[in-house]
Amino acid sequence: MNIKKITIAIDGFSSTGKSTIAKQLAKELGYLYVDTGAMYRAVTLYAMQFGYVDQNKLEKEALIKSLGNVNLKFKYNEKLLFSEMYLNGVNVEKEIRTIELSKLVSKVSAISEVRKKLVEQQQKMGVEKGIVMDGRDIGTVVFPDAELKLFMTASPEKRATRRYKELLEKGHDVSYEEVLENVQQRDHLDSTREDSPLIKAEDAIAFDNSDMGLKEQFERIYQLVLIKQEQLLD
Ligand code: DC
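Quick look at the structure, then. Keep in mind the model is a prediction, meaning the values are calculated, not measured.

### Regarding unusual backbone geometry
The backbone of Leu 81 sits at a positive phi, close to 65 degrees, despite the residue not being glycine. Looking at the element boundaries, Leu 81 is found in the loop between β5 (72–77) and β6 (82–87). A positive phi is found at Ser 196, a non-glycine position, where the angle reads about 50 degrees. Mapped onto the elements, Ser 196 comes out in the loop between α9 (176–192) and β10 (205–208). Accessibility expressed as a relative area gives 13% for Ser 196, which makes it buried.

### Quick notes on the nonpolar core
Soluble, globular proteins show a tendency: their nonpolar side chains are buried together. In this structure, Val 43, Leu 63, Leu 72, Met 85 and Val 114 are the most contacted members of the largest nonpolar core, which totals 35 residues. Those elements that provide at least two residues to this core are α2 (36–49), α3 (60–65), β6, α5 (105–109), α6 (112–125), β8 (131–135) and α7 (138–142). The element that contributes the greatest number of residues to this core is α2, accounting for 8 residues. Those residues in contact with Val 114, other than ones at most four positions away along the chain, are Tyr 40, Val 43, Leu 67 and Val 108.

### Digging into the pattern of salt bridges
Under the definition given, this model contains 15 salt bridges. A salt bridge links Asp 35 to Arg 97, with the shortest nitrogen-to-oxygen separation between them at 3.2 Å. You can see Asp 35 sitting in strand β2 (residues 32–35) and its partner Arg 97 sitting in the loop between β7 (90–91) and α4 (99–102), a full 62 residues away along the chain. Where Arg 115 meets Asp 137, a salt bridge forms, and the shortest distance between an N and an O atom there is 2.9 Å. With Arg 115 in helix α6 and Asp 137 in the loop between β8 and α7, this residue pair connects regions lying 22 residues apart in the sequence. Overall, Asp 137 belongs to the buried group, its relative accessible area being 1%. It is possible to trace a salt-bridge network through shared partners that takes in Asp 35, Glu 93 and Arg 97.

### Notes on the layout of surface pockets
Size it by volume and the largest pocket reaches roughly 1200 Å³. Lining the largest pocket are 49 residues, and of these Ser 15, Ser 19, Arg 97, Arg 163 and Glu 166 sit closest to its centre. In terms of residue count, helix α8 (residues 156–169) provides more of the lining of the largest pocket than any other element does, 8 residues in total. Its residues assigned to classes, the lining of the largest pocket comprises 11 nonpolar, 17 polar and 21 charged. By volume, the second largest pocket amounts to about 300 Å³. Around the second largest pocket, the lining residues are Thr 20, Lys 23, Gln 24, Ala 26, Lys 27, Tyr 31, Leu 32, Tyr 33, Tyr 76, Leu 81, Phe 82 and Ser 83. Of all the elements in the fold, those that place two or more residues in the lining of the second largest pocket are α1 (18–29), β2 and β6. Tallying contributions element by element places α1 first for the lining of the second largest pocket, with 5 residues. For the lining of the second largest pocket, a count of residues per class yields 7 nonpolar, 3 polar and 2 charged.

What counts and what doesn't
Residues numbered from 1 in each chain as written. Predicted model: local features only at pLDDT ≥ 70, side-chain atom pairs only at ≥ 80, totals over all residues. Heavy atoms only, no water. Helix = DSSP H or I, 4+ residues; strand = E, 2+ residues; numbered from the N terminus. Buried < 20%, exposed > 50% of the residue type's maximum accessible area, 1.4 Å probe, protein only. Core = buried A, V, L, I, M, F, W, Y, C linked by side-chain atoms within 4.5 Å. Contact = heavy atoms within 4.5 Å. Salt bridge = Lys/Arg side-chain N within 4 Å of Asp/Glu carboxyl O. 1 Å grid on protein atoms, 1.4 Å probe; cavity = no way out; pocket = protein on both sides within 12 Å on 5 of 7 lines; lining within 4 Å. Points joined across faces, edges and corners; volume = space filled by probe spheres on them. Nonpolar A, V, L, I, M, F, W, Y, C, P; charged D, E, K, R; others polar.

Rendered as structure tokens:
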């Protein structure tokens, strides 16, 4: 019997716990984990550093022209046990998680040229399968043929509470109201953009985890993986 490696696509709204589940699955299965949100966040950081984007403006053409200078890499951190994002050789893991950047990332990720560049990189990472990727368009655009697709949802309040706690733990100075507003604004922008809006792929399994603990969630999803692997046995 030969257990085939599969591709697992996890999409959903912000702060639905996609990355926690994705990381855990990847660890359990010995798969590669890719956080595509970190890639969109890193391009946004680049745009901020060069003054192409702020609260009041977006210099789209200038950013598109300089996309060739944006080099993104994930490097595994042996101590923290996860891959960190490097922008042009610099570890930007902390900078890409600030609330200031979260307020701008949906603007930058709506640009088709940005999406094209990142989707190409993501598809290359998944050529060999054995990958868990999370984001907004993984099951619809990046890997439409993924063997297992999940679509995670939870109420905006639950999600804002989770993200707020996370940010406080990491030492960021934010209020709950600010985080809730950001979550709602990003939901709206991510779902209504023209290019690759956040929608559930027809064949994705919807998963509302508003009232579900991590352990239960993981167990249920892991079962889905095992079922899929069994179907593919030869
Ligand atoms: O998963 P996250 O919250 O870190 O993602 C940050 C933003 O990046 C999100 O608001 C929308 C964008 N994004 C996207 O457009 N497509 C993806 N595949 C992943 C993220």
